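# Topology and contacts: notes
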Amino acid sequence: MLVLDIGGTKLAAARWVGGRLQDRRQWPMPPTPETWRQTLALIATTYPGVSRVAAAVTGLTDGRVWTAVNPQLISFWDGYALADALTQAWQCPSILLNDAQAAAWGEFVASDRQPANLLFITLSTGVGGGLVLDGQLRSGISGLAGHIGHVSSGLAPLDGDTRCGCGRLNCLETLASGTALARQASRLLGRPLDAESVFAGWHAGDPVCRRLLERAAQAVAQALGDAHALLDLDEVRLGGSVGLAPGMIDAVRQAQQALPARFRVALSLARLGADAGLMGVGHWASDRLGAP
Ligand code: ADP
Ligand code: BMX
Ligand code: ZN
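### Remarks on the side chain of Glu-235
One can find Glu-235 in strand β11 (residues 235-239). Glu-235 sits in the buried class, given a relative accessible area of 15%. In this structure the side chain of Glu-235 is engaged in a polar contact, spanning 2.7 Å, whose partner is the side chain of Arg-237. Discounting chain neighbours no more than four positions away, the residues touching Glu-235 are Pro-115, Asn-117, Leu-118, Leu-119, Val-265, Ala-266 and Ser-268.

This is how it looks when you write it as structure tokens:
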């Protein structure tokens, strides 16, 4: 089986062999339909002889079609029959699952199917989430379950009230995603900055970058407190390039200290790191498509 993880920024691929990843590669996420088709053709030639394809994708999916919650992340794809395109490219069965839901399943299976109530949160191009409740992946009727990036944060971004691409105001994603860090830093400092530079500035002692990351961490801690109040979680796993960046988890844990103890859910880094989505969709799809 071929496993794919299609995010707002990058596209990862690997062969799924005996429950492990082999020949893992990564490409930038193409920005247009034309470059997407070229990249898909390139991946198809890179991985010939595939008999199943399983893709973890940013956005909502019913397993066949892809739709955006936040169309600003990948605008050209809304309502796209992605599974059909994959089936056509490899001439084999294919299946889709939301990327953060896939990662939640990967983390659950990687830790011997424990704990039974687990939230995975990714701080990446957007902010995504996936829920395992009572040992079952909760996707929801429309695929929306776990989309913690679109809970309305009680806080405003440091560059002011911001309408999220999903339509809501001041979503967690408008404060704590890589896109949001870059947007806020660029506006506040008056020059283009990416999320990596915000972290570099923070570690170098820049006060604006520090305030931005503290605000993002505070918003994440509040959202985790809300999720815990709703669901009584056993644990939260943090992933995505921003979530995994040095210092981020410490900042969120620090922010959790401001919450009453009952709402401070246990938080750790994703055990599978940047492979959580690939591993999760591999396990999930091999139960559905068979695992050759
Ligand atoms: P995707 O969203 O495609 O799954 P990532 O998890 O890599 O991809 O998240 C991409 C976001 O993370 C971008 O906003 C990027 O600027 C940011 N990013 C990538 N690497 C780092 C890093 N080392 N430190 C901080 N931010 C990072
Ligand atoms: C957005 C949303 C989620 C996704 C999350 C993280 C879209 C296109 N995506 O909130 O479905 O899980 O981003 O995605 O609406 P990533 O691209 O940051 O990995
Ligand atoms: Zn939103």
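### Some words on the coordination of the zinc ion (ligand 3)
Every protein donor of the zinc ion (ligand 3) is accounted for by His-150 (ND1), Cys-164 (SG), Cys-166 (SG) and Cys-171 (SG), and the metal-donor separations fall at 2.1 to 2.4 Å. Classification of the site at the zinc ion (ligand 3) as tetrahedral follows from its 4 donor atoms and the range of 101 to 123° in their angles at the metal. Along the chain, the residues donating to the zinc ion (ligand 3) are arranged with the sequence spacing H-x13-C-x1-C-x4-C.

### Let's talk about the domain arrangement of the protein
Split by domain assignment, the protein resolves into domain 1 (2-101 + 274-289) and domain 2 (114-270). Distance from the C-alpha centre of domain 1 to the C-alpha centre of domain 2: 24 Å. Buried area between domain 1 and domain 2, summed over both chains or domains, comes out near 1,400 Å², and the portion from carbon and sulfur atoms is 60%. For the domain 1 face of the interface with domain 2, the top three residues by lost area are Val-69, Ala-100 and Gln-101, together amounting to 41%. Seen at the junction of domain 1 and domain 2, the total is 0 salt bridges. Linking domain 1 with domain 2 are 5 residue pairs in polar contact (both at pLDDT 80 or more), by the criterion used here. Broken down by secondary-structure element, the contributors of at least two residues to the side of domain 1 that touches domain 2 are β5 (60-61), β7 (94-98), α3 (99-110) and α10 (276-289). Residue composition of the side of domain 1 that touches domain 2, grouped by class: 9 nonpolar, 8 polar and no charged.

### Considerations on the pairing of strand β9 (residues 127-133)
The buried fraction of β9 is high, at 6 of 7 residues. Two elements, strand β8 (residues 118-123) and β9, share 6 bridges in a ladder whose sense is antiparallel. Within the sheet, the bridge partner assigned to Thr-122 lies in β9 and is Gly-128. Both β9 and strand β10 (residues 136-138) contribute to a ladder of 3 bridges, which runs antiparallel. If you follow Val-132 over to β10, its bridge partner there is Leu-137. Counted between consecutive antiparallel strands, the loop separating β9 from β10 contains 2 residues, among which Asp-134 sits at a positive phi close to 50°.

### Focus on the sheet that holds strand β4 (residues 53-57)
As summarised here, the arrangement of the 5 strands in space is β3-β2-β1-β4-β7, forming an open sheet in which the pairing is mixed. The sheet terminates laterally at β3 (20-28) and β7, the two strands that pair on one side only. Strand-to-strand twist of the sheet, defined as the mean angle between neighbouring strand axes without regard to direction, takes the value 20°. Where helix α2 (residues 82-90) meets the sheet, its contacts fall on β1 (2-6), β4 and β7, and the angle it forms with β7 comes to roughly 140°.

### Topic: the environment of Val-198
Inspection of the secondary structure assignment puts Val-198 in helix α6 (residues 195-203). C-alpha separation for the pair Val-198 and Pro-28, spaced 170 residues apart in sequence, amounts to 21 Å. In this structure Val-198 touches Leu-181, Ala-185, Cys-209, Leu-212 and Leu-213, once residues within four positions along its chain are discounted.

### Remarks on the site of ligand 2
In the vicinity of ligand 2 lie 19 residues, with Asp-99, Ser-124, Gly-126, His-147 and Glu-173 positioned nearest. Gly-59 places a main-chain nitrogen or oxygen 2.8 Å from an oxygen atom of ligand 2. Within the backbone of Thr-125, a nitrogen or oxygen atom sits 3.0 Å from an oxygen atom of ligand 2. Burial of ligand 2 by the protein chains amounts to 97% of its free accessible area of 450 Å². According to the grid-proximity analysis, the pocket containing ligand 2 is the largest pocket. Viewed by domain, the shell around ligand 2 spans two of them, domain 1 (2-101 + 274-289) and domain 2 (114-270), each represented by three or more residues.

### Let's talk about the sheet that holds β11
Strand order in the open sheet formed by 5 strands is β10-β9-β8-β11-β12, and the pairing between neighbours is mixed. Only two strands of the sheet have a single neighbouring strand rather than two, namely β10 and β12 (267-269). In this sheet, neighbouring strand axes are inclined to one another by 25° on average, regardless of whether the strands run parallel or antiparallel. Running over the sheet, α3 touches β8, β9, β10 and β11 and is turned about 45° from β9.

Rules used in this analysis
- Residues numbered from 1 in each chain as written.
- Chains lettered and ligands numbered in written order.
- Predicted model: local features only at pLDDT ≥ 70, side-chain atom pairs only at ≥ 80, totals over all residues.
- Heavy atoms only, no water.
- Helix = DSSP H or I, 4+ residues; strand = E, 2+ residues; numbered from the N terminus.
- Buried < 20%, exposed > 50% of the residue type's maximum accessible area, 1.4 Å probe, protein only.
- Polar contact = N/O pair within 3.5 Å; in protein donor to acceptor, adjacent residues only side chain to side chain.
- Contact = heavy atoms within 4.5 Å.
- Donors = N, O, S within 2.8 Å, 3.2 Å for Na, K, Ca; no water.
- Tetrahedral: all angles 85-135°; square planar, octahedral: opposite > 155°, others 65-115°.
- Domains from an automatic or database assignment.
- Buried area = accessible area lost by both parts, 1.4 Å probe.
- Salt bridge = Lys/Arg side-chain N within 4 Å of Asp/Glu carboxyl O.
- Nonpolar A, V, L, I, M, F, W, Y, C, P; charged D, E, K, R; others polar.
- Pairing = 2+ DSSP bridges.
- Axes fitted to C-alpha atoms, helices over the stretch in contact; angles between N-to-C directions.
- Near = heavy atom within 4 Å.
- Areas by Shrake-Rupley, 256 points an atom, 1.4 Å probe, with all protein chains shown as cover.
- 1 Å grid on protein atoms, 1.4 Å probe; cavity = no way out; pocket = protein on both sides within 12 Å on 5 of 7 lines; lining within 4 Å.
- Sits in = over half its atoms within 2 Å of the grid points.

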